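Below are the chains, spelled out letter by letter.
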Amino acid sequence: MSPVVEVVGVGAATAKGDPPWWQSAVVYQVYPRSFADRSGDGIGDLAGFLDRLPYVAALGVDAIWLSPVFRSPMADFGYDVSDYCDVDPLFGTLADLDRLVGGAHRHGLRLLLDWVPNHTSDRHPWFLESRSSRRAAKRDWYVWRDPKADGSPPNNWTAAFRPGHPAWTLDPSTGQFYLHSFLPEQPDLDWSNPEVRAAMHDVLHFWLERGVDGFRVDVAHCLGKDPALPDDPEHLVVVPHCALNHHPSTAPILAGLRRLVDGYAHAPMLVGEVFLVAPHEMSDYSGPGAFHLAFDLPGSLHTPWDADAWRSRTAATAERLGRDAWPTLVLSNHDTPRHRTRFGSEARARAAAVLLLGLPGTPFLYAGEELGLEDAAIPPERRLDPGGRDGCRAPLPWNDAPGHGWDAEPWLPFPPEAGRRSVARQEADPGSMLLFYRRLLAARRASPALRAGDWRDLDAAPGVFAWERRHGGDRRVCAVNFASAPRTIALVGDWRVEAGTHRTQAGAAFDGRLAADEAVVLRPD
Ligand code: NOJ
């Protein structure tokens, strides 16, 4: 067991009996390129983000997850790292990141970095050395294999982003293929090699000692691989191998990471990104001896606008995780069309916020969803991302003036109706989505039941998903009407509206009626 390391931050582990901070926190994901730009080059940076920390704090969240800012050739916008212990000049300097961590802490916000352990950039010095010769000292830091007798790749695994393309690239100078679950510019590390584990553990120590509060762990389920590298079943080769990879050798890797972070007294947290097509495999990734939290991305991002789908997803998650693990909730991120776009209207996006902030689990918000942003339409000549994900990465509009608070044309076009949905316009409008999010986050912060309580499904009315949360004597009921017509629900006892999609004032008595797409958080009268 490593020694407990003291780091100055927002606060240490919570008092005995309270849930750990990451269980009752709300996390806000910032995609730094698109958040705020101080340098004036049209690409968001750390200094710009520092300027906007008061906005994040005023929203009422508890922690920030900052998408990758490490040095990178940017073949996958920072998910191809060439130096894990430095900041890419596009975003600023290490000193800027230190200032951001300090600034976040002064605002009472914890800061998580995005750590990409499955693969590096092909320009990382580790890979440059590895590919230099079959006898290179770091050759076995990556996954190298000979071609099959006919010269084809070692197995049938396919890569993400390029459906049907092999997850292998031949390196002509050494005559072997290397594995890349993503782009050829992102070679997979071999985590069965103790030197790789040690080098990556050093990276975590480097950041934890600088005071960061934890990490989002990119494609965590890909770390342990079957050493025999068996073919995927033929009918599944249309699915990238990374969405199928679930190998028992991952478990000790996660346990090692958990031990490492648990050695720090400021209670850092690990949240694993897990994207597996088989939901029952999810439960191996969070709980004691694994990550504190794990995203269930297909379950979160692909649940349609349907009361029964959300009810059964919530029940299945609770059953799968049991008492040892705590769920996560996420509606949007930098990889998937925003839920405002998926669900088709602002009314539904508002109601979905009650799912996100009212169901049991740690919610992860994606910057801009509080403004009701839609994906931007990207003309073909401005498309940049190899995975076609530019639309959800469009820049945040800060005001209604030309440029929306950006001094130069941003790297991607703004989302639709950027002026009307800008921060400045919404801050001045009590009926705006932004102020609704602030009210909802305040309601959550004030209620132990919403933050940490248990959950009970209330059989309310067809098309309505209603549930109760309880913690000690604190109780809340949430109800979301998914139907496209009004519904009336009957509740035992008298209830008042604490926050609602259709109201700006709290406290009115609830008469049981819900308009189409209306959602409410209720407290006992
Ligand atoms: C998941 C990240 O969220 C995504 O943006 C990235 O392309 C892949 N992992 C590869 O690192």
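Residues numbered from 1 in each chain as written. Predicted model: local features only at pLDDT ≥ 70, side-chain atom pairs only at ≥ 80, totals over all residues. Heavy atoms only, no water.

Chemist: Talk me through the packing of helix α11 (residues 346-358) against helix α13 (residues 433-445); I want residue IDs and the actual numbers.
Modeler: The interhelical angle for the contact between α11 and α13, taken along N-to-C directions, is 15°, at an axis separation of 11 Å. As far as their axial angle goes, α13 and α11 are roughly parallel. With respect to the hand of their crossing, α11 and α13 are arranged in right-handed fashion. Residue-level contacts link E346, A349, R350, A353, V354, L356 and L357 of α11 to M433, F436, Y437, L440, L441 and R444 of α13. Looking at side-chain class alone, the contact of α11 with α13 contains ten nonpolar, no polar and three charged residues. (Axes fitted to C-alpha atoms, helices over the stretch in contact; angles between N-to-C directions. Helix = DSSP H or I, 4+ residues; strand = E, 2+ residues; numbered from the N terminus. Parallel < 35°, antiparallel > 145°, perpendicular 65-115°, else oblique. Left-handed = near helix turned anticlockwise from the far one by under 90°. Contact = heavy atoms within 4.5 Å. Nonpolar A, V, L, I, M, F, W, Y, C, P; charged D, E, K, R; others polar.)

Chemist: Give me the site of the ligand: which residues, what numbers.
Modeler: Near the ligand you find 13 residues, and of these D76, H119, D218, H334 and D335 are the closest. One of the side-chain nitrogen or oxygen atoms of H334 is found 2.8 Å away from an oxygen atom of the ligand. In the model, an oxygen atom of the ligand is placed 3.0 Å from a nitrogen or oxygen of the R389 side chain. Looking at the shell around the ligand, its residues break down into four nonpolar, two polar and seven charged. (Near = heavy atom within 4 Å. Polar contact = N/O pair within 3.5 Å; in protein donor to acceptor, adjacent residues only side chain to side chain.)

Chemist: I'd like to hear about the domain arrangement of the protein, residue by residue, with values.
Modeler: How big an interface is tends to be reported as the loss of accessible area on association of its parts. Structurally, the protein comprises domain 1 (25-120 + 194-443) and domain 2 (449-524). The interface is formed by 24 residues belonging to domain 1 together with 24 residues belonging to domain 2. Together domain 1 and domain 2 conceal approximately 2,100 Å² of surface at their shared face, both sides included; 69% is due to carbon and sulfur atoms. If you sort the residues of domain 1 by the area they bury against domain 2, R311, V354 and A443 come out on top, with a joint share of 25%. On the surface where domain 1 and domain 2 come into contact, there are two salt bridges. The salt bridge involving R348 is made with D517; its shortest N-O contact spans 3.7 Å. Run the count over domain 1 and domain 2 and you get seven residue pairs in polar contact (both at pLDDT 80 or more). (Domains from an automatic or database assignment. Buried area = accessible area lost by both parts, 1.4 Å probe. Salt bridge = Lys/Arg side-chain N within 4 Å of Asp/Glu carboxyl O.)

Chemist: Got a sec to walk through the environment of S283? Specific residues and values, please.
Modeler: Within the secondary structure, S283 sits in the loop between β10 (269-272) and β11 (293-294). Under the relative-accessibility criterion, S283 is labelled partly exposed at 26%. The spatial distance from the C-alpha of S283 to the C-alpha of A452 is 20 Å, given a sequence separation of 169 residues. (Buried < 20%, exposed > 50% of the residue type's maximum accessible area, 1.4 Å probe, protein only.)

Chemist: Any details on the sheet that holds strand β16 (residues 474-481)? Residues and values, ideally.
Modeler: Strand order in the open sheet formed by five strands is β14-β15-β16-β20-β18, and the pairing between neighbours is antiparallel. Strand pairing shows two members of the sheet lacking a second neighbour, β14 (454-461) and β18 (495-500), which therefore form its edges. Averaged over all pairs of adjacent strands, the angle between strand axes in this sheet comes to 25°, irrespective of strand direction. Strand direction decides the pairing type here: β16 and strand β20 (residues 519-524), joined by four bridges, are antiparallel. Opposite C478, over in β20, you have V521 as the bridge partner. Each of β14 and β15 (464-471) is contacted by helix α9 (residues 307-321), which is oriented at about 30° to β15, the strand it contacts most. (Pairing = 2+ DSSP bridges.)

Chemist: Let's hear about the state of the cysteines: which residues, and what values?
Modeler: Here, disulfide denotes a covalent bond that connects the sulfur atoms of two cysteines. What the rule picks out here adds up to zero disulfides. Of the cysteine sulfurs around C242, a residue in no disulfide, the closest is that of C222, at 5.0 Å. Look at C242 and you get buried, because its relative accessible area is 8%. (Disulfide = S-S within 2.5 Å.)

Chemist: I'd like a rundown of the nonpolar core, residues and numbers included.
Modeler: Ranked by size, the top nonpolar core spans 122 residues in total, and within it Y28, F35, W115, F215 and L355 carry the most contacts. Composition of this core by domain shows at least three residues from each of domain 1 (25-120 + 194-443) and domain 2 (449-524). Setting aside chain neighbours within four positions, we find W115 in contact with F70, Y84, W191, M200, V203, L204, F215, R216, V217, D218 and L257. V477, I489, W495 and F510 belong to the second-largest nonpolar core, a separate cluster that totals 13 residues. (Core = buried A, V, L, I, M, F, W, Y, C linked by side-chain atoms within 4.5 Å.)

Chemist: Outline unusual backbone geometry, supporting the account with residue identities and numerical values.
Modeler: Backbone geometry places F161, a non-glycine residue, at a positive phi of 75°. Among the secondary structure elements, F161 is positioned in the loop between β6 (144-145) and β7 (168-171). Unlike most non-glycine residues, A267 shows phi in positive territory, near 55°. Position of A267 among the secondary structure elements: in the loop between α7 (250-262) and β10. Judged by its relative accessible area of 17%, A267 falls in the buried class.

Chemist: Summarise the pairing of strand β9 (residues 214-217); cite the residues concerned and give the values.
Modeler: Here β9 shows a buried face lined by G214 and R216 and a second buried face lined by F215 and V217. Across three bridges, strand β5 (residues 110-115) lies against β9 in parallel orientation. Considered in β9, the bridge of L113 is made with F215. Examined bridge by bridge, β9 and β10 share four bridges and lie parallel to one another. Bridge pairing in β10 links G214 to M269.

Chemist: Explain the sheet that holds strand β12 (residues 328-330) to me, and be specific about the residues and the numbers.
Modeler: The sheet built from eight strands is open, its strands ordered β11-β10-β9-β5-β2-β1-β13-β12 with parallel pairing. Lying at the two open borders of the sheet, with one neighbouring strand each, are β11 and β12. Where strand β1 (residues 27-30) lies against strand β13 (residues 362-366), three bridges are found, and the strand directions are parallel. Opposite Y28, over in β13, you have L365 as the bridge partner.

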